[in-house]
Amino acid sequence: MSEVKNVLVLDKVSKSYGENLLAVDNVSLSIRENEFFALLGPSGCGKTTLLRMLAGFETPSGGCIYLDGTDISPLPANKRPLNLMFQSYALFPNMTVRKNIAYGLEMEKLPAAEIRQRVDEVLATAQLGELAERKPDQLSGGQRQRVALARALVKRPRVLLLDEPLGALDKKLREKMQLELKRLQHESGITFIIVTHDQEEALVMSDRMAVLDGGKVCQCGSPAELYENPNSRFVANFIGVSNILEGVRESDNSVMVRNRALTVESAVGEIRGQAVALVIRPERLQVLSSATPLAEEQACANRVDGQIVEVAYHGLDTNLHVQTALSDKPLIVRVPSSQFEYAQFEQGASIRLGWQARHARVLTR
Ligand code: ATP
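Keep in mind that this is a model prediction, so the values were computed, not measured. (Residues numbered from 1 in each chain as written. Predicted model: local features only at pLDDT ≥ 70, side-chain atom pairs only at ≥ 80, totals over all residues. Heavy atoms only, no water.)

Draft legend 1. Looking closely at the overall build of the chain. A count of helices and strands for the chain gives nine helices and 20 strands. Projected onto its principal axes, the C-alpha coordinates of the chain cover approximately 75 × 50 × 45 Å. Within the chain, buried positions represent 46% of all 365 residues. Of the contacts formed within the chain by residues at least 6 apart in sequence, a portion of 65% connects residues at least 24 apart. Carbon together with sulfur atoms contributes 49% to the accessible area of the chain, which is approximately 18,200 Å² in total. (Helix = DSSP H or I, 4+ residues; strand = E, 2+ residues; numbered from the N terminus. Buried < 20%, exposed > 50% of the residue type's maximum accessible area, 1.4 Å probe, protein only. Contact = heavy atoms within 4.5 Å. Areas by Shrake-Rupley, 256 points an atom, 1.4 Å probe, with all protein chains shown as cover.)

Take a look at the structure:
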């Protein structure tokens, strides 16, 4: 494996506003070279404040920020090799796309030939070549967004900071631009840090992400790590859909949920009698029927009977909401829609569900 190089290191960074509001609380994170990193969390969790401190628009109340090993806290925003792309794009309306992109380099007084070459390169990468002579009001929302990105990339910042960059776009364009952004990041080799409150966006785009709540980092890791192994109810709920069962640990491999002993895989350091939550993802629950192969049924250490209370069709998949005795809230089971050809999943029908011990994650927080 190649050596991991950290570009940005945040060491116990805090920001307070007044006496009582700690917007960012003791955040330590390392962001790697050539990484697409997402800061994710609900409104007010401190994402933007953190980004603004990296950009130099806010001063931390405590802690240090290192870029390539150097403490950049004393540097003003315009002296940092970081570029913040605003949600509003802030393009100059009276300038062509080419002029908009060249502007930052002209301010740096670079030679004209170098400006032209760098602008041409970025126009090609952002697929804007044919639009170079247009003005911003002659562009679509997605194209404007690409110009704003091109303008940031042409400066070749060490790190590009993006605050909800796709916030102004409609859903379809957003999805297209998510892949586009990822491609641009990959091709430019620049580290991207993106702020978003949209978990799906973070899952699709990022190499790693940090989930924040109340100014603190709850968990940091790859999308798959956070989805498969959330460390708390908060992260389990915030990322993807979760079935959460509240119970009490009985032994190393059993948790009591409403008088039913459920089998789990043993986890170190957990105590008998401790209140815990079991998290089971909808795609890990299996519908058991007389047609289920015996080996599959036997692999499910846990089984529960229930009744379908809702059938929600999502195209490729259908979510069955199944009321069981294990929780007040129905369990959500994701079934490939193609299975509907073979089975009757109707509201009111009785159904048996099963899951393997290893697919229930035990949480203590
Ligand atoms: P959103 O997704 O809604 O933009 P966010 O996670 O980016 O939220 P921040 O904008 O970082 O959240 O705000 C974090 C907290 O700090 C909030 O409680 C906010 O009200 C507060 N805050 C932000 N800026 C200031 C300021 N200049 N003065 C006082 N309080 C502030």
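Draft legend 2. A look at the layout of surface pockets. Counted as a void, the largest pocket has a volume near 720 Å³. As for the largest pocket, its lining consists of 25 residues, and the residues nearest its centre are Leu 82, Asn 83, Leu 84, Gly 104 and Lys 155. For the lining of the largest pocket, the elements supplying multiple residues, two or more each, are β6 (82–85), α2 (97–107) and α4 (141–153). In terms of residue class, the lining of the largest pocket is made up of 16 nonpolar, four polar and five charged. (1 Å grid on protein atoms, 1.4 Å probe; cavity = no way out; pocket = protein on both sides within 12 Å on 5 of 7 lines; lining within 4 Å. Points joined across faces, edges and corners; volume = space filled by probe spheres on them. Nonpolar A, V, L, I, M, F, W, Y, C, P; charged D, E, K, R; others polar.)

Draft legend 3. Focus on the side chain of Ser 327. If you trace the backbone, Ser 327 turns up in the loop between β17 (317–324) and β18 (331–336). Residue Ser 327 is classed as buried on the basis of its relative accessible area of 10%. At 2.7 Å, the side chain of Ser 327 forms a polar contact with the backbone oxygen of Lys 329. Every residue in contact with Ser 327, bar those within four places of it in the chain, is listed here: Leu 245 and Arg 258. (Polar contact = N/O pair within 3.5 Å; in protein donor to acceptor, adjacent residues only side chain to side chain.)

Draft legend 4. Geometry of the site of the ligand. Near the ligand, the surroundings consist of Tyr 17, Leu 21, Ala 23, Pro 42, Ser 43, Gly 44, Cys 45, Gly 46, Lys 47, Thr 48 and Thr 49. Between the ligand and the protein, one listed contact pairs an oxygen atom with a side-chain N or O atom of Thr 48 at 2.6 Å. Against a free-state accessible area of 640 Å², the protein chains account for coverage of 57% of the ligand. Among the secondary structure elements, those contributing two or more residues to the shell around the ligand are β2 (21–32) and α1 (47–55). The element best represented in the shell around the ligand is α1, accounting for three residues. (Near = heavy atom within 4 Å.)

Draft legend 5. Structural context of the environment of Arg 144. By the element assignment, Arg 144 lies in helix α4. A relative accessible area of 29% places Arg 144 in the partly exposed class. Distance in space between the C-alpha atoms of Arg 144 and Val 311 is 40 Å, their sequence separation being 167 residues. Reaching out from Arg 144, the side chain makes a polar contact with the backbone oxygen of Pro 136 at a distance of 3.1 Å.

Draft legend 6. Representation of the packing of aromatic side chains. Scanning the model with the defined rule gives three aromatic pairs in all. Between Phe 234 and Phe 238 the ring centres are 5.7 Å apart and the planes differ by 10°, which places this aromatic pair in the stacked class. Here Phe 238 and Phe 234 lie together in helix α8 (residues 233–238), a separation of four residues that amounts to about one turn. Here Phe 234 falls in the partly exposed class, since its relative accessible area comes to 26%. A relative accessible area of 19% places Phe 238 in the buried class. In this structure, Arg 151 packs its charged tip against the face of Phe 92, placed 5.7 Å from the ring centre. It is Arg 281 that lies over the ring of Tyr 227; its NZ or CZ is 3.9 Å from the centre. (Phe/Tyr/Trp six-rings, centres within 6.5 Å; stacked < 30°, edge-to-face > 60°. Lys NZ or Arg CZ within 6 Å of the ring centre and 35° of its normal.)

Draft legend 7. Main features of the sheet that holds strand β9 (residues 208–213). The strand order across the open sheet built from six strands is β6-β7-β8-β3-β9-β10, with neighbouring strands paired in mixed fashion. Looking at strand neighbours, the two that pair on one side only are β6 and β10 (216–221), the edges of this open sheet. Recorded for the sheet is a direction-independent mean angle of 20° between the axes of neighbouring strands. Sheet contacts for helix α5 (residues 171–188): β3 (36–40) and β8 (191–196); angle to β8, the most-contacted strand, approximately 155°. (Pairing = 2+ DSSP bridges. Axes fitted to C-alpha atoms, helices over the stretch in contact; angles between N-to-C directions.)

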